[in-house]
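# Report on the structure
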Amino acid sequence: LGGGRDLDAIISVAGGWEGDPTLPPPNADELDRLEGAREYATTIERMMSKNLYPLLAAGYAAHHFMTDNNGLMVAIGATAALGPTPGMMGYGLSKVATHHFVQTLGGLTTKSVATKSAR
């Protein structure tokens, strides 16, 4: 990408899935509860790293290297973004963020993603 705006399309398909960790029982001691919370947060961060952060990089590239704001950007969403995701909160959160980012990027470019999204 020699500094010019020379891309016609960017396709972001990086991603992954991981279920929630097993939480300690309610009668667990404080250290076990804290460790459970840390594992939960770590799982959510891994899902963001796999599903959202690569898309943010693709969005940056689209903004800087698409031809006159007329290029095509494709991202992989999921129905997990549309409702509760028991047992896979990190995955659901990362896909909600993915959908929001794509919609916001479409709004910034004055392109309507609502009529172009496929499910």
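As the structure is a prediction and not an experimental result, all values here were calculated from the model.

Basis of the calculations
Residues numbered from 1 in each chain as written. Predicted model: local features only at pLDDT ≥ 70, side-chain atom pairs only at ≥ 80, totals over all residues. Heavy atoms only, no water. Core = buried A, V, L, I, M, F, W, Y, C linked by side-chain atoms within 4.5 Å. Buried < 20%, exposed > 50% of the residue type's maximum accessible area, 1.4 Å probe, protein only. Helix = DSSP H or I, 4+ residues; strand = E, 2+ residues; numbered from the N terminus. Contact = heavy atoms within 4.5 Å. Polar contact = N/O pair within 3.5 Å; in protein donor to acceptor, adjacent residues only side chain to side chain.

## A look at the nonpolar core
Core analysis: the biggest nonpolar cluster contains six residues, these being Leu7, Ile10, Ala58, Ala61, Ala62 and Met66. When residues of this core are assigned to their parent elements, the largest contribution, three residues, is made by helix H2 (residues 53–65). Filtering out sequence-adjacent residues up to four positions away, Ile10 remains in contact with Ala58, Ala61, Ala62, Met66, Leu72, Met73 and Val74.

## Points about the side chain of Ser94
Among the structural elements, Ser94 can be located in helix H3 (residues 89–108). What makes Ser94 buried here is its relative accessible area of 0%. A polar contact is formed between the side chain of Ser94 and the backbone oxygen of Tyr91, at a distance of 2.8 Å. If we ignore the near neighbours within four places in the chain, the residues touching Ser94 are Met47, Met48, Asn51 and Leu52.

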